[in-house]
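Now for the letters of each chain:
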Amino acid sequence: MAENRVEGAMTFGNGEDQISAPSLQINRRSLITGATGVALASMGWASLVTPAGAAILDNKTTLTRARLDELAARSFGIFNENKVLPDFDAGKHAATSDVDLHRITTFTQVPETGETLKISGLLALPAGAKGPLPVVSWQHGTIFSFVQVPSNLYLVAEPGYVMKDNVDSQETLFNIHRFAANGYAVIAADYIGKGPYHGSQSEAYAVKDASTRASIDILNAGLEGMRQLGVEPAELFLNGWSQGGLNTQWLHQALQTSAIPVRAAGASSPFNDVVESFDYWTGSITFSDPPGMSYPPRPKWLTLCVILVLGSYESYYRLNDLIDTVVRPEYVPMVRKFLADYDMNLDFSKMPMPKDLLIDSVSRQFVNDTYSRFRRQLAANTASYFEYSNPIRLFYGLADEPLHPTMCRRAVNAGGPMMDGVAVNGASHRGTFLASLYGEPDHLQGRPNLVSWFNSLRVG
């Protein structure tokens, strides 16, 4: 535990009205010397690159083209819910190169608490690449475990290894298959409280500055890792799904605020407005069904998302009695146990829906100062209302169980002329994400998928 967590020097007041700053300031660094530094500076990347030695790379392994295609084809069928896409096409979707995977280790300082933590992530490169390469910063979605993280994908290189849902990061595999196996570097954070260095650290679920800082620090370390391997970064692209869609918007906003260029970004099924998402999940607000269809009911697994929000905000914003205040007393032991061990051996027949997890009064009136501060913090962390200066595209499904399309359209309406929205007919939460990577214009309102779109925006 000692090597994973070091108390920082940040001091706090009494905390009664404290709300985290809505924007994260990125530390700008001096230019790197040498040929690589010149190339980075020309792309506007110099301020992102960390000093030599800040990135440790290990667990190198290689996924062959054949293995990538095999794994992607198997996972494709799991994510292609409601059959929104044709089946996996081995010719059309085949990887064009083997991929080298490296685990990244670096450190981050948590803005909300001042702690310095060891964190992990993934660097994936086309095998033998010497660059320059475009870079995709990938932000993964919600996971209910400590191990279903990008950096653990080295395990799947073993030919007899069978990927398992809720154990392996299939969503990261898709990004590697579509991007790293087709000429991009992919850099992905495991997030705070996840991966091999999680220790007893709470995850920072929907915690803005901690999530953004960790994504930036892994991106920094991944860029330094590329330099160590003799690969130069070219254009920067962002991609994220679900929780990672929210993190991608925060990251895009932080980079833009610090004048670091993002060529383009995609976010699939993002919960942009954290207040609205929490209220929709807990049944406090509802929306009309889209024309001609009955919208899918909220899934029971959203209860676990609500638990993650409450636990993360209690920990990072020092709302020490939040869970005891808003969760029905009979469920408090279950909530605290899940936050401690992420044990998924739960009796889902006895799991309450989110609205039944919480006391009745939370949706109707002031409860206490802790809950009021929680609501204000959710509002401060909302990503919806920002004008982007570089292209960003939100993909949202018209049968997305945890997110009604109205919730994504608000961000599309507020994002300025560089924001675009793509509705995917019949797509569930997983189907929306899959379509963003493998769909054709017929499935995406005439737009290309992210791979084709990013390729069209590359320089030269």
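Given the structure is predicted, the values throughout are model-derived calculations rather than measurements.

**Student:** Residue-level account of the overall build of the protein, with values.
**Tutor:** What the protein contains, in helices and strands, is 14 helices and 10 strands. Within the protein, counting contacts between residues at least 6 apart in sequence, those at least 24 apart form 81% of the total. Counting only carbon and sulfur atoms, one obtains 52% of the accessible surface of the protein, whose full area is about 17,100 Å².

**Student:** Describe unusual backbone geometry, with residues and values.
**Tutor:** Here Asn82, not a glycine, exhibits a phi torsion of approximately 65 degrees, which is positive. Position of Asn82 relative to the elements: it lies in the loop between helix H2 (65–79) and strand E3 (99–109). Residue classification places Asn82 among the exposed positions, given a relative accessible area of 54%. The backbone phi angle of Tyr342 is positive, close to 50 degrees, even though this residue is not glycine.

**Student:** For the packing of aromatic side chains, give the residues involved together with the corresponding values.
**Tutor:** Taken as a whole, this structure holds 26 aromatic pairs when the rule is applied. Here the aromatic cluster, defined as three or more aromatic residues joined through ring pairs, consists of Phe76, Phe79, Phe88, Trp138, Phe174, Trp241, Phe433 and Tyr438. Seen from the ring of Tyr161, Lys164 lies directly overhead, with NZ or CZ sitting 5.8 Å from the centre. Directly above the ring of Tyr280 sits Arg298, whose terminal nitrogen or CZ lies 4.1 Å from the centroid.

**Student:** Help me get a handle on empty space enclosed by the protein, residues and values and all.
**Tutor:** Scanning all chains against the criterion turns up three cavities of 30 Å³ or more. Estimated volume of the largest cavity: approximately 60 Å³. Elements that contribute at least two residues to the lining of the largest cavity include exactly helix H4 (208–228) and helix H5 (243–257). A per-element tally of the lining of the largest cavity places H4 first, with three residues. Counted by class, the lining of the largest cavity contains six nonpolar, three polar and one charged residues.

**Student:** Explain the confidence of the model for the protein to me, and be specific about the residues and the numbers.
**Tutor:** This prediction gives the protein a mean pLDDT of 88; 88% of its residues lie at or above 70. Low confidence marks residues 1–47, where pLDDT is under 50. Its contacts with residues over four positions away, or in another chain, come to 102 contacts. Predicted confidence for residues 49–53 stays below pLDDT 50, and this span has 15 contacts to residues more than four positions away or in other chains.

**Student:** Break down the pairing of strand E6 (residues 185–189) for me, with residues and values.
**Tutor:** Looking down a regular strand, the side chains alternate between one sheet face and the other. Burial analysis of E6 places five of its five residues in the buried class, which makes it a mostly covered element. With four bridges connecting them, strand E4 (residues 116–126) and E6 associate as antiparallel partners. Bridge pairing links Gly121 to Ala189 in E6. Bridge count for strand E5 (residues 133–139) against E6 is four bridges, and the pairing is parallel. Directly across from Val136, in E6, lies its bridge partner Val186. With helix H3 (residues 170–178) bridging E5 and the parallel E6, this β-α-β connection has right-handed handedness.

**Student:** An account of the packing of H3 against helix H13 (residues 429–438) is requested, with residue identities and associated values reported.
**Tutor:** The contact between H3 and H13 brings their axes to 10 Å, and the two run at 10 degrees. Overall, the two elements H3 and H13 adopt an arrangement that is roughly parallel. Seen from H3, the contacting residues are Glu171, Phe174, Asn175, His177 and Arg178; seen from H13, they are Phe433, Leu434, Leu437 and Tyr438. Of the residues assigned to the contact of H3 with H13, the class counts are five nonpolar, two polar and two charged.

**Student:** I'd like a description of the pattern of salt bridges, backed by residues and values.
**Tutor:** Tallied over the entire structure, the rule returns 19 salt bridges. Measuring nitrogen to oxygen at the nearest pair gives 2.7 Å for the salt bridge that ties Lys337 to Asp341. Taken together, the positions of Lys337 and Asp341, both in helix H9 (residues 332–341) and four residues apart, correspond to about one turn of that helix.

**Student:** Outline the layout of surface pockets, supporting the account with residue identities and numerical values.
**Tutor:** To find leftover empty space, a probe the size of one water molecule is rolled over the atoms. Size it by volume and the largest pocket reaches roughly 490 Å³. Along the walls of the largest pocket sit 28 residues, with Thr142, Phe144, Asn166, Trp301 and Arg430 positioned nearest its centre. Every element with two or more residues in the lining of the largest pocket is listed here: H3, helix H7 (302–316) and H13. In terms of residue count, the dominant contributor to the lining of the largest pocket is H7 (three residues). Looking at the lining of the largest pocket residue by residue, the class counts come to 15 nonpolar, seven polar and six charged. Taken as a whole, the second largest pocket spans an internal volume of roughly 360 Å³. Around the second largest pocket, the lining comprises 23 residues; the ones closest to its centre are Ser200, Gln201, Ser202, Glu203 and Ser315. Taken together, the elements giving at least two residues each to the lining of the second largest pocket come down to H7 and H9. For the lining of the second largest pocket, the per-class residue count stands at six nonpolar, 10 polar and seven charged.

**Student:** A description of the environment of Leu346 should follow, citing residues and the corresponding values.
**Tutor:** Inspection of the secondary structure assignment puts Leu346 in the loop between H9 and helix H10 (354–357). Classification of Leu346 as partly exposed rests on a relative accessible area of 26%. Apart from the residues lying within four places of it in its own chain, the contact partners of Leu346 are Leu304, Phe338 and Met351.

**Student:** Explain the side chain of Ser137 residue by residue, including any values.
**Tutor:** Along the chain, Ser137 falls in strand E5. Taking the relative accessible area as the measure of exposure, Ser137 reaches 2% and is therefore buried. In contact with Ser137, not counting residues within four places along its chain, are Ile187, Leu219, Leu236, Phe237, Leu238, Asn239 and Leu251.

Rules of the game
Residues numbered from 1 in each chain as written. Predicted model: local features only at pLDDT ≥ 70, side-chain atom pairs only at ≥ 80, totals over all residues. Heavy atoms only, no water. Helix = DSSP H or I, 4+ residues; strand = E, 2+ residues; numbered from the N terminus. Contact = heavy atoms within 4.5 Å. Areas by Shrake-Rupley, 256 points an atom, 1.4 Å probe, with all protein chains shown as cover. Buried < 20%, exposed > 50% of the residue type's maximum accessible area, 1.4 Å probe, protein only. Phe/Tyr/Trp six-rings, centres within 6.5 Å; stacked < 30°, edge-to-face > 60°. Lys NZ or Arg CZ within 6 Å of the ring centre and 35° of its normal. 1 Å grid on protein atoms, 1.4 Å probe; cavity = no way out; pocket = protein on both sides within 12 Å on 5 of 7 lines; lining within 4 Å. Points joined across faces, edges and corners; volume = space filled by probe spheres on them. Nonpolar A, V, L, I, M, F, W, Y, C, P; charged D, E, K, R; others polar. pLDDT = per-residue confidence, 0-100. Pairing = 2+ DSSP bridges. Right-handed = clockwise from strand over helix to strand, strands pointing away. Axes fitted to C-alpha atoms, helices over the stretch in contact; angles between N-to-C directions. Parallel < 35°, antiparallel > 145°, perpendicular 65-115°, else oblique. Salt bridge = Lys/Arg side-chain N within 4 Å of Asp/Glu carboxyl O.

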